[in-house]
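Geometric and topological summary
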Amino acid sequence: MIYFTINKHAETPLYQQIINQVQDKLSDRTVKHMDKLPSEKQFSEIYHVSSFVVKRAYSELRKLGLVFSVKGRGTFVSHRLVYEVDLFHSLDLIDPAIRGFDHKFLSVEKIDFTDAAYRMMGKKQGENYLKVTWVALNNQIPIAFMISLLPEAMAEDITYVIDNKKTIRQYYLDRLPQVTYEQSHTLNAANADENLAYILDIEVNDPVTIIQTVVDNGTAYFKTIYPGEYLRIKAV
Amino acid sequence: MTNKTVGQTPIVIDRRSHDTFEEQLYSQIKNLILRHQTDSNLTDPNFLAKALDISHEIVIEAFERLVDEKYYEIDEKGKYQISYKELVWVSTDSLSSVADIIHAHGQELYIEPLKVETLICDQVIHELTGFPIGAKLFFQDRVYYGDNIPKAVYRVYYLASIFPDANSEQNIHRPYYHITHYDIKVSPVERYVMSVRLPDEVNNLLNQKSGTAGFFVVEKIFTSEGILSTYAEGYLNSNYIFQYKTKAE
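The model shown is predicted, which means the values in this text are computed figures rather than measured ones.

Conventions used here
Residues numbered from 1 in each chain as written. Chains lettered and ligands numbered in written order. Predicted model: local features only at pLDDT ≥ 70, side-chain atom pairs only at ≥ 80, totals over all residues. Heavy atoms only, no water. Core = buried A, V, L, I, M, F, W, Y, C linked by side-chain atoms within 4.5 Å. Buried < 20%, exposed > 50% of the residue type's maximum accessible area, 1.4 Å probe, protein only. Helix = DSSP H or I, 4+ residues; strand = E, 2+ residues; numbered from the N terminus. Contact = heavy atoms within 4.5 Å. Salt bridge = Lys/Arg side-chain N within 4 Å of Asp/Glu carboxyl O. Pairing = 2+ DSSP bridges. Expected span 1.5 Å × (residues − 1). Axes fitted to C-alpha atoms, helices over the stretch in contact; angles between N-to-C directions.

Looking at the nonpolar core
Where a protein is soluble and globular, its nonpolar side chains tend to be buried together. L93 of chain A together with Y154, Y176, F215 and L236 of chain B are the most contacted members of the largest nonpolar core, which has 48 residues in total. Per-element tally for this core: the top contributor is strand β8 (residues 149–159) of chain B, with four residues. Every residue in contact with Y154 of chain B, bar those within four places of it in the chain, is listed here: V98, Q140, D141, R142, Y144, Y176, V217, A232, E233, G234 and L236 of chain B.

Quick notes on the pattern of salt bridges
Summed over all chains, the structure comprises nine salt bridges over all chains. Among the salt bridges present, the one from R197 of chain B reaches D206 of chain A, with a minimum N-O distance of 2.4 Å. Highlighted residues: R197 of chain B in strand β9 (residues 189–197) and D206 of chain A in the loop between α8 (194–200) and β8 (207–215), drawn from two different chains. Residue R197 of chain B is classed as buried on the basis of its relative accessible area, which comes to 19%. Several salt bridges share partner residues, and in doing so they unite E22, E23 and R65 of chain B into one network.

Topic: the pairing of strand β5 (residues 129–138) of chain A
Residues and elements named next belong to chain A. Within β5, nine of the ten residues are buried, leaving the element largely enclosed by the surrounding structure. For strand β4 (residues 102–110) and β5, the ladder comprises eight bridges, and the chain directions are antiparallel. Directly across from F105, in β5, lies its bridge partner W134. As defined by bridge partners, β5 adjoins strand β6 (residues 141–151) across ten bridges and the pair is classed as antiparallel. Across the sheet, V135 pairs through a bridge with F145, a residue of β6.

Considerations on helix α1 (residues 14–27) of chain A
Residues and elements named next belong to chain A. Relative to the 20 Å expected for 14 residues at 1.5 Å per residue, α1 spans 20 Å between its end C-alpha atoms, a close match to the ideal helical length. Buried within α1 are the following residues: Y15, Q17, I18, I19, Q21, V22, K25 and L26. Tucked inside the fold, the buried residues of α1 contact α2 (40–47), α3 (51–63), β1 (67–70) and β2 (74–77).

Quick notes on the environment of G65 of chain A
Residue and element names in this part refer to chain A. Within the secondary structure, G65 is located in the loop between α3 and β1. Given a relative accessible area of 26%, G65 falls into the partly exposed group. If we skip the residues at most four places from it in the chain, G65 touches S78 and R80.

Overview of the sheet that holds β6 of chain A
As summarised here, the arrangement of the eight strands in space is β4(A)-β5(A)-β6(A)-β9(A)-β8(A)-β7(A)-β12(B)-β5(B), forming an open sheet in which the pairing is mixed. With partners counted over all chains shown, the strands left at the sheet margins are β4 of chain A together with β5 (86–89) of chain B, one partner each. Averaged over all pairs of adjacent strands, the angle between strand axes in this sheet comes to 20 degrees, irrespective of strand direction. By the bridge criterion, seven bridges tie strand β7 (residues 182–191) of chain A to strand β12 (residues 240–247) of chain B in an arrangement that is antiparallel. In the sheet register, S184 of chain A faces β12 of chain B, and the bridge partner there is K245 of chain B.

Have a look at this one:
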């Protein structure tokens, strides 16, 4: 548990003392991402501080993006931003790198036709596709893991894309004829396996949000996976 | 030995039952899928035949029945895969509720109220919901069932001055969209979705394993004059998938 020093005789209001100390601990790294803050009850019992004061402090810290609450589990320190997107503005959701975050390529390979995504696109054996995986980062903290499937014939410049830090999706769309394409999306929740937990720097079985997009009846496929507790989707 | 169990998968074949082995296997697999308590062994006919000490033909018979009912599908390599999902279509013109999805699957909807209260909005409820402090509210904690299988857990707050009958005996069993009669074209709505590890008490109510991830949904419904009339937050079972379309930008 994170410990505090509360001075009831100081001029600084009690809620502000809590806020200041959380900020200091984050700055000097005496707390780390996902460390748990005391509950209101614990604060009251240990420091004799009213729950109203704690609520106000935690509320302010949430607005600053320094803590987040998980229903039924408590309030946690956060080095991550909560990423807010609109469900119907697909670009932000599918391609977080479009917001200017760094992205790091992980792998490029020809895919096995049995791959689930290949099936989803309705493609048969014999059509050559490349599978590109990459991760979007904010201050070195992973925001999302992305898998893109592109026709191999379209991706001969893939090393150019990687070297010049273009996003795969934008690269793909730039090379299509100038017509409007429809995209079909699905969104589901899942528990992170070991591989995802490692890539996204979360715990195994932490929740993740998975967005899968098929462009124009299967010419391309994008799968974007976020740490679930850091993605808030407006769905209207 | 009369009964055979399968490793971590709680399938039990009762050799004294009047039900055939195929019927028992089919029913139990279907229930495990609906409760999202599946593992890779459930689609492996060789494993199940060996572990349950029943013929391979019987397992295939059960699997084919599940394919017919769209709980399973057969992939390009001829292997069985679980395909059942509860799909929610989302668009800017309409909202699908849990009740809508249950009806779309041809299931019988039942809403069980766990708690029904009249409250006065205090600081805590105000920070959660946005209702003004001092407002009289009706509160319901409820479970949505489809064919007796729990689908979602919701907590709903209504502004009593707008919905004076929200906690009537009839209304506590009705979907809240039916009580509020709201029209997305007229009434502003705020809705957001997150993936979370569902709390243990919710997983218990949804018959899911501890730690299962699922969607957490928050909805705020406003009157055409912009007054917050309803606040609802819900946990959906982990079979839910949202589907929607957009134009490529």
